[in-house]
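# Understanding the architecture of this molecule
What follows is each chain in one-letter form.
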Amino acid sequence: MDHKKKVLITEKVDEEGIKLLQQELEVDIALGLPREELLQRIGDYDALIVRSETKVNEELMNYGKKLKVVGRAGNGIDNIDVPAATERGIIVANTPESNTLSACELSIGLLLAQARNIPQANSFLKAGNWERTRFKGSELYNKTLGIIGLGRIGSLVATRMAPFGMKVIAYDPYISDERFRRFGAEKKETLKELLEEADFITIHTPKTKETFKMIGEKEIQWMKKGVRIVNAARGGIICEQALYDGLVSGKIVSAGLDVHEQEPCFNTPLFGLDQVIVTPHIGADTLEAQQNVGITVSQQVLNGLKGEIVPNA
Ligand code: MLT
C-alpha cells in the first residue's frame, strides 16, 4: 500500500490483533464513541472494526464514504446491515469460529449455576449467612436438554452435555439429519415437541426476523413445569416479558441470561428475580477467544483492504 489506510476500532479488540493492524494501517481506537461523533468521524476511514454494540446501519455507511471493510470481531452480525453493505461494495467479515467454544462453555456455566443456585449461595454466604438446606438444586443426570439451534455453538453444547448423562434433543430446521446424528442429538421436528420434552432449554440461534421473540407466552405454555432456561445467544429471542411472567408463575424455575433485549442493559424486571442469573454479554470474553477473534478479524480486514480473499465473510 502506498499510503497507510485507516481503520477505526470502536469496541475492545485484543492487543495482538491491533499490533497486526498497526504493521500496515493507521489504527485509531475510540471505545464508547458517542453516535454523533462516530458519524462525524467515519468518513475518514477505510475500515471499521466492531463487536456487537456498534450499529453499522445505512446511516453510518452513508457517512462512511471511504469504507471498504467492516470487521465484526465475533460471530453474530445482527448489528450490521449486510444487504446495505453489499449494495455499497463494503465487505462484512466476521469470525464465526473464533469464540464458539467460549460461548458454549458460558452456556454450560449458566446451566450448572442455575441448577445448583451457585450465584445465590455465593452471595448468601458472603453476606454472613450459613444455611445448607436453602439452595436445593437439581441434578443434570437423566434430564433432557433441549437445544434450539444445532449450529457451531449448539453442537459443542450437545457433545459436552451428553457425558453428564443428559438426553440431548434439538430443534433446528436448517440442518441435515446427519448433523443431528453426528452430535448425538435426537431431532425434534417442531419447536413445540422440543419445548414439551425438555427439562433444560438452551438457545443457540442467531437473531433474525424468524427467531426474534420465538419464545413467547404461547411457547412457554408448551414447556414442562419446572423447566430451566439459558440464553447466551441473543437478547430478544426470548420475549423478556413472557419469561418474567413464566418465572413469576413458577412454570419456569430459573433462567441464566448472558444477553438482553436492550444492550447495554443496566436493569430489567428480570434482574429483580432471585432465580434469574444475569451476565453482561460475556460469552466471548475469555483470553483465548479474544486473542483468536482479535487476530482473525485483523487479518480479515487487512485481506479485505488489499483485495485478497476474506474467508468467513
Ligand atoms: C458473538 O456474536 O460473537 C458474541 O456475541 C460476542 C460478541 O459480541 O463480542
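Residues numbered from 1 in each chain as written. Predicted model: local features only at pLDDT ≥ 70, side-chain atom pairs only at ≥ 80, totals over all residues.

### Focus: the domain arrangement of the protein
Interfaces are frequently sized by the accessible area removed from exposure as the parts join. Threshold: Domain start and end points were adopted from an automatic or database domain assignment. A residue pair is marked as a contact if its C-beta atoms, positioned from the backbone, fall within 7 Å. Polar here means any residue other than Ala, Val, Leu, Ile, Met, Phe, Trp, Tyr, Cys and Pro, which are nonpolar, and Asp, Glu, Lys and Arg, which are charged; Gly is therefore polar.
Per the domain assignment, the segments making up the protein are domain 1 (5-98 + 287-306) and domain 2 (100-278). Distance from the C-alpha centre of domain 1 to the C-alpha centre of domain 2: 31 Å. Taken together, the contact pairs seven residues of domain 1 with seven residues of domain 2. Grouping the amino acids of the side of domain 1 that touches domain 2 by side-chain chemistry returns two nonpolar, one polar and four charged.

### Thoughts on the nonpolar core
Going by this rule: As used here, a nonpolar core is made of buried Ala, Val, Leu, Ile, Met, Phe, Trp, Tyr and Cys residues. They are joined through C-beta atoms within 7 Å. Put plainly, a residue is buried at 20 or more neighbouring C-beta atoms within 10 Å of its own, exposed at 12 or fewer, and partly exposed in between, counting only other residues' C-beta atoms, which are placed from the backbone.
One finds Val 7, Leu 48, Ile 49, Val 70 and Val 301 to be the most contacted residues of the largest nonpolar core, which totals 80 residues. Lining this core are residues from two domains, each supplying at least three of them: domain 1 (5-98 + 287-306) and domain 2 (100-278). Not counting residues within four places of it along the chain, the set of residues in contact with Val 70 comprises Leu 48, Val 50, Val 56, Ile 80, Ala 85, Ile 90 and Val 92.

### A short note on the environment of Leu 106
Under the convention used in this document: Helix numbering and strand numbering both begin at the N terminus, where a helix is a DSSP run of H or I of at least 4 residues and a strand a DSSP run of E of at least 2.
Residue position: Leu 106 is located in helix H5 (residues 100-115). Separated by 11 residues in sequence, Leu 106 and Asn 117 place their C-alpha atoms 15 Å apart. Aside from chain neighbours lying at most four places away, what touches Leu 106 is Ala 232, Asp 258, Ile 282 and Gly 283.

### Some details on the pairing of strand S9 (residues 200-203)
Heads up, the condition is: DSSP calls a pair of strands paired once it identifies at least 2 bridges connecting them. For the handedness criterion, the strands are oriented away from the viewer, and a crossover whose path from the first strand over the helix to the second runs clockwise is classed as right-handed.
Of the two faces of S9, the one carrying Phe 200 and Thr 202 and the one carrying Ile 201 and Ile 203 are both buried. Strand direction decides the pairing type here: strand S6 (residues 144-148) and S9, joined by four bridges, are parallel. Opposite Ile 147, over in S9, you have Thr 202 as the bridge partner. Note that S9 and strand S10 (residues 227-231) share four bridges and pair parallel. What sits directly across from Ile 201, in S10, is Ile 229. Taken together, S9, helix H10 (residues 217-222) and S10 constitute a β-α-β crossover, and its handedness is right-handed.

### Some remarks on the sheet that holds strand S12 (residues 276-278)
To keep things clear, this is the line we draw: Interaxial angle, 0 to 180 degrees, is taken between N-to-C directions of lines fitted to C-alpha atoms, where a helix line uses only the stretch in contact.
Judged by pairing direction, the sheet is parallel, and its seven strands sit side by side in the order S8-S7-S6-S9-S10-S11-S12 without closing on themselves. Strands with a single pairing partner mark the edges of an open sheet, and in this sheet they are strand S8 (186-187) and S12. Relative to S12, strand S11 (residues 252-257) is paired through three bridges, and the arrangement is parallel. For Gly 256, the partnering residue across the bridge sits in S12 and is Ile 277. Docked against the sheet, helix H11 (residues 240-249) engages S11 and S12, running at close to 140 degrees with respect to S11.

### Description of the site of the ligand
What counts, and what does not: Should the C-beta atom of a residue, placed from the backbone, lie within 6 Å of a molecule or strand, that residue is near it.
The full set of residues close to the ligand is Arg 51, Ser 52, Gly 74, Asn 75, Gly 76, Asn 99, Gly 283 and Ala 284. Its residues assigned to classes, the shell around the ligand shows one nonpolar, six polar and one charged.

### Overview of the sheet that holds strand S4 (residues 69-72)
Spatially, S2-S1-S3-S4-S5 is the arrangement adopted by the five strands of the open sheet, whose pairing is parallel. The open sheet has two edge strands with one neighbour each: strand S2 (25-29) and strand S5 (91-93). The sheet shows a mean angle of 20 degrees between the axes of neighbouring strands, direction not considered. Here S4 pairs with S5 via three bridges, running parallel.

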